[in-house]
Amino acid sequence: MMNKVCYIVVLCALLVSCKSTSQVSSTQKVEAIKIEAIGTKPTLERQPYLQMVKANSAIITWKTDASVTECLVIYSEIGGDTVFIEKGYLTAHEGYLFNEVALKNLEPDTKYTYAIHSNGHVLARGENYYFKTSPDNKKQAFSFYAMGDIGAKEKSSFANEPADRIAEMERKPDFGLGLGDIVYPKGESKNYDNHLFKPFKDVFINTPFYPVAGNHDWLSANHDENFKKEWNLPNEEYYYSFAYSNTLFIGLDSRDGSFYDYEKQTLWLKETLKQNAGKHDWIVVYLHHNGKSCTYKKDYEHVMGLYEVFAANKVDIVLNGHAHTYERLKPYNGNGMVEQDRTNQSEYKDLENRFISITMGAGGKLNKKWKADPSNKENCEDGTIVAHSEHMASFGVFEVDGKTLSFKGYNSYTGKSFDEFVIEK
Ligand SMILES: [Fe+2]
């Protein structure tokens, strides 16, 4: 016989509006919501993570054992007195269940706290379980973090270091970008928890993450059963775009350097840039492979082939991983040329048709045998393209406030910044 326990959530609140499709039923006074817990408490295999958090909607996903038959999220605005319930759906994958709840009718730029339930048992809740919806205007200042090459095996990865530094930040980034090679060695689903979600759990429970795939994520024979199963991302989930406040973000899938569906993807990129022309103050492109660089990786032609597209369409920032190091390049034009007479590489004004490319591939691993040295001809043809390089465990944080974009590179161990620049428009 099933062990039934009744949880009663007592709400002393007045429901003033029925803004959700949730089970909270009406504009009447609600005295109690009964959530019936069935059976033994399911095992929480993966802490909840946030995806596609927009102005009016959000997706919360967590992973449980296969015993779960129903899931839901209870959520409320922080400081608010109305509580909502939303039921989710279950997707089986490799012997586990993704419990997924899509929240709708949310208020923009609003912080909500949430609790996750499977089979009626509360599996996680507390002060760190919250999310903030994106703004519905283009004036809101915001910040985001970025890094690549993150999830290696326990003990061979330092991924918990950047995750801890981000979780500790006084100004919490609004979301994160994953610059490919998200999970080593082959992007297999079975490694996602130990290699990525465990070290990043304190970040992912309240900060959405938008990854693109890298060459390692493509090594598995069953890519569609791994990367695509783990994430909810816009478009086809390989390459996609989304806007946040006054900035357009474009994630590309550079696969092994030759790009996934190259023709189609570049057409889509050009079309996306064309459709968004003049609509945003900033455009950030992110992908796994580098173009010209002075790291130990080769220069990837397919990326260099996009320089003209980036420059002609007012892309401001291009982020990549792949080389497990940090390297910021001087602003490029469409031919990948820097301005030889520019001496100030920390404050930029009017970069018109130039973009700044940064390698941030030291999210979880460092190439121990290598050291950053742009003057070494073995690393690159022309070391003068480099504005700053430093071989350390690192990640970057951008702050966007109207026509000002500021960047800092952070040491993942100390949390201290070691490189910075600002662009004013
Ligand atoms: Fe890579």
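Further up the page is the structure itself.
One numbering rule holds for all chains: residues counted from 1, following each sequence as written. At least 70 in pLDDT is required for a residue's local features to be given in this predicted model, at least 80 for side-chain atom pairs to be given and counted, and no such filter applies to totals for whole chains, interfaces and linings, which use all residues. Excluding hydrogens and water, the side-chain figures rest on all heavy atoms present in the structure.

Draft legend 1. How the structure looks around the coordination of the iron ion. Coordination here is defined by N, O and S atoms within 2.8 Å of the metal (3.2 Å for Na, K and Ca), and since water is not considered, a site can look incomplete. Each protein donor to the iron ion is listed here as Asp181 (OD), Asn215 (OD1), His288 (NE2) and His322 (ND1); together their distances run 2.1 to 2.3 Å. Every geometry call rests on angle ranges, with four donors termed tetrahedral when all angles are between 85 and 135 degrees, four termed square planar and six termed octahedral when opposite donors are over 155 degrees apart and all others are between 65 and 115, and everything else termed irregular. Coordination geometry of the iron ion: the four donor atoms subtend angles of 87 to 166 degrees at the metal centre, consistent with an arrangement described as irregular. Between consecutive donors of the iron ion, the numbers of intervening residues give the motif D-x33-N-x72-H-x33-H. Placement of Asn215 in the loop between β14 (209–212) and α4 (227–230) and of His288 in the loop between β17 (282–286) and α6 (301–304) is noted, with a sequence separation of 73 residues between them. Of the two residues, Asn215 and His288, both sit in the buried class. Runs of E in the DSSP output that reach at least two residues are strands. Runs of H or I that reach at least four are helices, and both are numbered from the N terminus. For each residue, the accessible area found with a 1.4 Å probe, counting protein chains only, is set against the maximum for its type, and the residue is called buried under 20%, exposed over 50%, and partly exposed in between.

Draft legend 2. A look at the environment of Phe84. Among the structural elements, Phe84 can be located in strand β6 (residues 83–87). Of the residues examined, Phe84 reaches a relative accessible area of 5% and is grouped as buried. A C-alpha to C-alpha distance of 53 Å links Phe84 and Ile385, two positions 301 residues apart in sequence.

Draft legend 3. Representation of the packing of aromatic side chains. Planes of paired rings set the category: under 30 degrees apart is stacked, over 60 is edge-to-face and the rest tilted, where pairs are Phe, Tyr or Trp rings (Trp by its six-membered ring) whose centres lie within 6.5 Å. Summed over the entire model, instances satisfying the criterion amount to 47 aromatic pairs. Relative to Tyr210, the ring of Phe175 has its centre 5.9 Å away and its plane inclined at 85 degrees; by these criteria the two rings are edge-to-face. Placement of the pair is Phe175 in strand β13 (residues 175–179) and Tyr210 in strand β14, with a sequence separation of 35 residues. Aromatic side chains Phe175 and Tyr244 sit 4.9 Å apart centroid to centroid with 45 degrees between the ring planes, which places their arrangement in the tilted category. Here the residue Phe175 occupies a position in strand β13, and Tyr244 occupies one in strand β15 (residues 240–244), the gap between them amounting to 69 residues. On the accessibility criterion, Tyr244 (6% relative accessible area) is buried.

Note that every value here comes from positions in space, so none of it alone points to a role or purpose.
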